[in-house]
Amino acid sequence: MKSTMQDSPLGVPLLMRHVARVNGRSRVGAFDAQRQPITRTFAELAARAGRLGSALEQRGFGSGAVIGTLAGALPEHLEAYLGVPASARVLHTINPRMHADQIVHVATLADDEAMIVDAGNLGKFHEIASRLPRLRLLVTVGGPLPGDLAASLPCETIDYEALLAQGEPRLDWPIIDEHETAILCFTGGTTGLPKGVGYSHRSVWLQAMSLCTANSLGLGSASRLLPAVPLYHVNGWGLPFAALMAGADLALPGASLQAPDLLALIDAEAPTLAAGVPTIWSDLLAHLRAMQRTHLGALTTIACGGAQVPQSLIDAYAALGVRMLQAWGMTETSSMSAISQTPGWIASADRATQARCAAAQGRVVCGLEARVADLGGTLLPCDGASVGEIQIRGPWVTHGYLGQDDHAHLHDGWLRTGDLGTIDADGFISLTDRVKDAIKSGGEWIPSLALEEAIRSHPAVLDVAVVALPDPRWQERPGAVVVLAPGAGATPDELAQWLVTRVAKWWLPERWAFVDALPRTAVGKMDKKRVRQMMLERIDAAATAAEQC
Ligand code: AMP
């Protein structure tokens, strides 16, 4: 029997109307392009977003036209989040930290016809503009370009405010098929060219709704959210859309995620909830310690993910009165897909189980399903012990990549995440490794994330990466690259001694290196490919030196 329910499409136009008509009084507090504080109500934001969509339409950007952004987390970028998809165009948020060749690749593949660029990214734009023949408009945020500079560009340019002045604050756009792409993001591309994931109007809506549920972030109109996340990374983790949906006030960090700037924003906007990768929070912690500060105002919860969250970080924030919730997700799954909320059935006195849950990547959110399989595809039990590749499916998980017909990343319609780990009987996912980073020693897996965690727990260690190194006897053995805490010292022997009581003896790294900083990807994650390369070069150099002696 068919239901009697209406069938109205989900998506950004519906969200935009709700933002303007119901959540209009909620507000965005931010730093603008000149780092001056600026406040906008959601109603103003929606009206400006409407103008943007309308101006793009007037300029002949048709339905489905792709509009790129090279910009920080500025209010204008948020307006583009609403105005571009609501008017049936596609927003393509580009990571400006990528190499120029990669930006040209993603902008060409996406077929960007216009680009919104803030002042800090104009240099990058100049590097690529002449290689994008389809690009016909540059929109500058933070002021118009000087005439001679504009004349040197192969496309027309206009100041963002001047563009808005040409449009109308339009909210009622034609109905858009909810399966059309609203936002396009590319993966980090550490092992090859970035791959494009198109989030549909429907997936954006459903994922935002999921973030608002209490088992996830529980966002509501009493929340004040600080997304310490670049807006080009996984759709800003879906956080802007969730806040707009919930009517949660937003504190936007602008172009800088540096600790002093984040702290200034926290002081100015008093967020209750924040989200970001572990590096952001460990930098903030170091800054707080340097300032001898022991509070973060109204901030009670930080959702942390995108990379392994060290237990020491969770503990340090707990001491500041801030609960750190670990979350797991990926570009392909529209961000946070599992989150480590502590269920009520874990007794409050049961500290050990609570700690185990907090250390897990989390339980998959309702609407998505996760399972574990060996690399041949045979399903493994969800017993918390069987390690395999995590597979996931659901309405906000991608089934493919832009312009690619290859479906090697799918298994019976489930996305192969490339993450190794276990799932327990209560649905807690615990990662052990990335498939490509895994260390197989004498046929047995050594979980690099657990080994890193054990090394990181040494008081002299600030950060560490463990990678697989070739070994004639065991095929692979672990090597550790360590960053020591400022003023601290530790030798490989001392670190090995520390590990002896903490991990299996056969896990102990064979080789150690000490560096000032670990290489990071364009979204600030540890780049294990480069760490491994660095270790291999050191081994080669040492072998050459030994031969010459
Ligand atoms: P990205 O698409 O850039 O967001 O990268 C997604 C990848 O980040 C995942 O496949 C994981 O390997 C990693 N990741 C995300 N969250 C976590 C987490 N909480 N712990 C460990 N790794 C994570």
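The structure displayed is predicted, hence computed values, not measured ones. (Residues numbered from 1 in each chain as written. Predicted model: local features only at pLDDT ≥ 70, side-chain atom pairs only at ≥ 80, totals over all residues. Heavy atoms only, no water.)

Undergrad: How would you sum up the overall build of the chain? Please name residues and give values.
TA: A tally of helices and strands in the chain yields 16 helices and 26 strands. Here the C-alpha atoms of the chain give a radius of gyration of 24 Å, agreeing with the 24 Å that 2.2 N^0.38 yields for 549 residues. When its C-alpha atoms are laid out on the principal axes, the chain stretches across 70 × 65 × 55 Å. When each of the 549 residues of the chain is scored for burial, the buried share is 56%. For the chain, long-range pairs separated by at least 24 residues make up 66% of all intrachain contacts whose partners lie at least 6 apart in sequence. Total accessible area on the chain stands at roughly 23,000 Å², and carbon and sulfur atoms take up 53% of it. (Helix = DSSP H or I, 4+ residues; strand = E, 2+ residues; numbered from the N terminus. Rg over C-alpha atoms; globule rule 2.2 N^0.38 Å. Buried < 20%, exposed > 50% of the residue type's maximum accessible area, 1.4 Å probe, protein only. Contact = heavy atoms within 4.5 Å. Areas by Shrake-Rupley, 256 points an atom, 1.4 Å probe, with all protein chains shown as cover.)

Undergrad: Could you give me a rundown of the pairing of strand β10 (residues 224–227), with the residues and numbers involved?
TA: As judged from the two bridges shared by β10 and strand β11 (residues 249–252), these two strands associate in the parallel manner. By the bridge assignment, L225 is partnered in β11 with L250. Assessed by its sense of winding, the connection that carries the chain from β10 through helix α9 (residues 239–246) to β11 is right-handed. Alignment of β10 against strand β12 (residues 273–276), held across three bridges, turns out to be parallel. (Pairing = 2+ DSSP bridges. Right-handed = clockwise from strand over helix to strand, strands pointing away.)

Undergrad: Quick rundown of unusual backbone geometry? Include the residues and the values.
TA: Leaving glycine out, the prevailing phi sign among residues is negative, and the prevailing peptide bond configuration is trans. Despite not being glycine, A88 has its phi angle at roughly 75 degrees, a positive value. Tracing the backbone through its elements, the reader meets A88 in the loop between α3 (75–86) and β4 (90–93). Accessibility expressed as a relative area gives 22% for A88, which makes it partly exposed. For Q475, which is not a glycine, the phi torsion comes out positive at approximately 70 degrees.

Undergrad: Can you lay out the sheet that holds strand β5 (residues 112–118) for me, pointing to particular residues and giving the numbers?
TA: Here seven strands make up an open sheet; going across it, the order is β7-β6-β5-β3-β4-β8-β9 and the pairing mixed. Both outer strands of the open sheet, β7 (156–159) and β9 (196–200), are each paired with one neighbouring strand and no more. Mean inter-strand twist for the sheet, computed between neighbouring axes without regard to direction, equals 25 degrees. Bridge count between strand β3 (residues 66–70) and β5: five bridges; the pairing is parallel. Residue pairing for β5: T69 is matched across the bridge by I116. In the packing of α3 onto the sheet, contacts are made with β3, β4, β5, β6 (137–141) and β8 (181–186), and the angle to β4 comes to roughly 145 degrees. Sitting on the sheet, helix α4 (residues 100–110) is in contact with β3, β4, β5 and β8, with an inclination near 155 degrees to β8. (Axes fitted to C-alpha atoms, helices over the stretch in contact; angles between N-to-C directions.)

Undergrad: Before we move on, can you summarise the sheet that holds strand β25 (residues 475–484) with the specific residues and values?
TA: Neighbouring strands of a sheet are bound in pairs by backbone hydrogen bonds; such pairs are parallel or else antiparallel. Across the sheet, three strands lie side by side as β24-β25-β26; this open sheet has mixed pairing. Each of the sheet's edge strands pairs with one partner strand only, and the pair in question is β24 (461–471) and β26 (511–514). Taken over all neighbouring pairs, the strand axes of this sheet differ in orientation by 25 degrees on average, direction set aside. Here β24 pairs with β25 via ten bridges, running antiparallel. For L469, the partnering residue across the bridge sits in β25 and is R477. Set on the sheet, helix α14 (residues 448–456) makes contact with β24, β25 and β26; between it and β24 the angle comes to about 140 degrees. On the sheet, helix α16 (residues 528–548) packs against β24, β25 and β26 and is oriented at approximately 65 degrees with respect to β24.

Undergrad: Can you tell me about the domain arrangement of the chain, naming the residues and giving the values?
TA: Domain boundaries assigned for the chain yield domain 1 (12–317), domain 2 (363–436) and domain 3 (439–548). Once you take the C-alpha centre of each, domain 2 and domain 3 turn out to be 27 Å apart. Contact residues are listed per partner, giving five residues for domain 2 and six residues for domain 3. Overall, the association of domain 2 and domain 3 removes approximately 420 Å² of surface from exposure, summing both partners, and the carbon and sulfur fraction of that is 63%. The three residues of domain 2 that bury the most area against domain 3 are L420, T432 and D433, which together make up 68% of that side's buried surface. Counting every contact that joins domain 2 to domain 3 gives zero salt bridges. On the surface where domain 2 and domain 3 come into contact, there are two residue pairs in polar contact (both at pLDDT 80 or more). Per-element accounting of the side of domain 2 that touches domain 3 gives the leading share, three residues, to strand β21 (residues 428–434). When grouped by side-chain class, the residues that make up the side of domain 2 that touches domain 3 number three nonpolar, one polar and one charged. (Domains from an automatic or database assignment. Buried area = accessible area lost by both parts, 1.4 Å probe. Salt bridge = Lys/Arg side-chain N within 4 Å of Asp/Glu carboxyl O. Polar contact = N/O pair within 3.5 Å; in protein donor to acceptor, adjacent residues only side chain to side chain. Nonpolar A, V, L, I, M, F, W, Y, C, P; charged D, E, K, R; others polar.)

Undergrad: Can you tell me about α16, naming the residues and giving the values?
TA: Look at α16: 30 Å from first C-alpha to last across 21 residues, which is about the 30 Å you get at 1.5 Å a residue. Where α16 is concerned, the buried positions are K528, V531 and M535. Each buried residue of α16 sits inside an arc of 60 degrees when the element is viewed along its axis, so together they form one side. Turned more than 90 degrees off the buried face of α16, the exposed positions are K529, D540, E547 and Q548. (Expected span 1.5 Å × (residues − 1). Arc of directions from axis to C-beta.)

Undergrad: Would you mind going over the pattern of salt bridges in detail, with residue names and values included?
TA: When their charged atoms lie close together, side chains carrying opposite charge are able to pair. Applying the stated rule across the entire model yields 24 salt bridges. Between E57 and R170 there is a salt bridge, and its shortest N-O distance comes to 3.1 Å. Within this pair, whereas E57 is found in helix α2 (residues 42–58), its partner R170 is found in the loop between α7 (160–165) and β8, the two being separated by 113 residues in sequence. In this structure, R131 and D101 form a salt bridge, with 2.9 Å as the shortest nitrogen-oxygen distance. Residue R131 is located in the loop between α5 (122–128) and β6, and its partner D101 is located in helix α4; the two are separated by 30 residues in the primary sequence. Taking relative accessible area as the criterion, D101 reaches 42% and is therefore assigned partly exposed.

Undergrad: Explain the nonpolar core to me, using residue names and the numbers behind them.
TA: With 117 residues, the main nonpolar core has W281, L296, Y317 and M336 as its most contacted residues. Mapped onto the domain boundaries, this core takes at least three residues apiece from domain 1 (12–317) and domain 2 (363–436). With 27 residues, the next largest nonpolar core counts V66, V104, I128 and C155 among its residues. (Core = buried A, V, L, I, M, F, W, Y, C linked by side-chain atoms within 4.5 Å.)

Undergrad: A description of the site of the ligand should follow, citing residues and the corresponding values.
TA: Near the ligand there are 17 residues, and of these A327, T331, D419, R434 and K525 occur at the shortest range. Take G306: an N or O atom from its main chain is 3.0 Å from a nitrogen atom of the ligand. In this structure, T331 approaches the ligand through a side-chain N or O atom, which is 2.6 Å from an oxygen atom. In isolation the ligand exposes 500 Å². Once the protein is present, 88% of that is buried. Within the residue set of the shell around the ligand, elements represented by two or more residues are β14 (323–330) and β21. Examining the composition of the shell around the ligand, we find that five residues originate from one element, β14, more than from any other. Partitioned by chemical class, the residues of the shell around the ligand number six nonpolar, eight polar and three charged. Summarising the domain contributions, the shell around the ligand has at least three residues from each of domain 1 (12–317) and domain 2 (363–436). (Near = heavy atom within 4 Å.)

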